[in-house]
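Per-entry structural report
Here is how the chains run, residue by residue.
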Amino acid sequence: EPEVTQTPSHQVTQMGQEVILRCVPISNHLYFYWYRQILGQKVEFLVSFYNNEISEKSEIFDDQFSVERPDGSNFTLKIRSTKLEDSAMYFCASNKAGVGTDTQYFGPGTRLTVL
Amino acid sequence: AQSVSQHNHHVILSEAASLELGCNYSYGGTVNLFWYVQYPGQHLQLLLKYFSGDPLVKGIKGFEAEFIKSKFSFNLRKPSVQWSDTAEYFCAVISNAGNMLTFGGGTRLMVKP
């Protein structure tokens, strides 16, 4: 069964550095998402992406964050200047139809640690 | 805005015990409801979902959930848990036209053999 994959599984960075988290969505899916979970807190929506554009974003997704589909398979989340509070597990997800009735399939996550 | 509450943060059960995990949501319109499970070291996987129709939905691994609209609840149940059900369980909601999942805080279930 096809799965969403994410790399790296764990990223450690210094405060102020840029990081890029990578995701490979399921191949015939058209809608892509990023969520994050700070330790001990809820999984929170960051952004959704379709047809090379952001379709929805949360208040968390400020100017420090950006997303890109650089080629036909990868979907990336960039954090320009990391802060301590960006430390979290970041999950990528994808689905075909992008509506509420269509299940989102999640990757295993990237644990980002900002020192 | 949508919100989801899961009442139990940690649950410890012995094998063969029955399980019920509570989930309540707040949203003014039509919602779709999900239970996801995350086994240790693995990704979030769909257990079951409710969109419409029969409010009692059955999922994988013997899990079921009941949507009670009047109570804004979508509780997860399993009649007899196994050690392999040890995991974290997340309730989530999404509006019909939306694509943003709103998650509850999760319930960490430990099943003792």
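The structure under discussion appears in the preceding block.
Residues numbered from 1 in each chain as written. Chains lettered and ligands numbered in written order. Predicted model: local features only at pLDDT ≥ 70, side-chain atom pairs only at ≥ 80, totals over all residues. Heavy atoms only, no water.

**Let's talk about the sheet that holds strand β8 (residues 75–79) of chain A**
Residue and element names in this part refer to chain A.
- Within the open sheet, the four strands sit side by side as β1-β3-β8-β7. Their pairing is antiparallel. In this open sheet, the two strands that pair with only one neighbour each are β1 (5–7) and β7 (65–68). Neighbour-to-neighbour, the strand axes of the sheet open up by a mean angle of 20°, direction not taken into account.
- Relative to strand β3 (residues 19–24), β1 is paired through three bridges, and the arrangement is antiparallel. (Pairing = 2+ DSSP bridges. Helix = DSSP H or I, 4+ residues; strand = E, 2+ residues; numbered from the N terminus. Axes fitted to C-alpha atoms, helices over the stretch in contact; angles between N-to-C directions.)

**Here's the deal with the state of the cysteines**
All names here are of chain A.
- Per the stated rule, a full pass over the model turns up two disulfides over all chains.
- Each sulfur of the disulfide joining Cys-23 and Cys-92 lies 1.9 Å from the other. Because the sign of the S-S torsion sets the handedness, a value of about -65° for the bond joining Cys-23 and Cys-92 places this disulfide among the left-handed ones. Of the two residues, Cys-23 sits in strand β3 while Cys-92 sits in strand β9 (residues 88–95), which places them 69 residues apart along the sequence. In terms of burial, Cys-23 and Cys-92 fall into one category: buried. (Disulfide = S-S within 2.5 Å. Buried < 20%, exposed > 50% of the residue type's maximum accessible area, 1.4 Å probe, protein only.)

**Focus: the layout of surface pockets**
- In this model, the largest pocket occupies a volume close to 610 Å³.
- Along its surface, the largest pocket is lined by 27 residues, and Gln37(A), Leu39(A), Gln38(B), Glu88(B) and Arg108(B) are the ones closest to its centre.
- Secondary structure elements with two or more residues in the lining of the largest pocket: β9 of chain A together with β2 (10–14), β10 (87–95) and β12 (107–112) of chain B.
- Tallied by class, residues from the lining of the largest pocket come to twelve nonpolar, eleven polar and four charged.
- Computed from the structure, the second largest pocket encloses a volume of approximately 220 Å³. (1 Å grid on protein atoms, 1.4 Å probe; cavity = no way out; pocket = protein on both sides within 12 Å on 5 of 7 lines; lining within 4 Å. Points joined across faces, edges and corners; volume = space filled by probe spheres on them. Nonpolar A, V, L, I, M, F, W, Y, C, P; charged D, E, K, R; others polar.)

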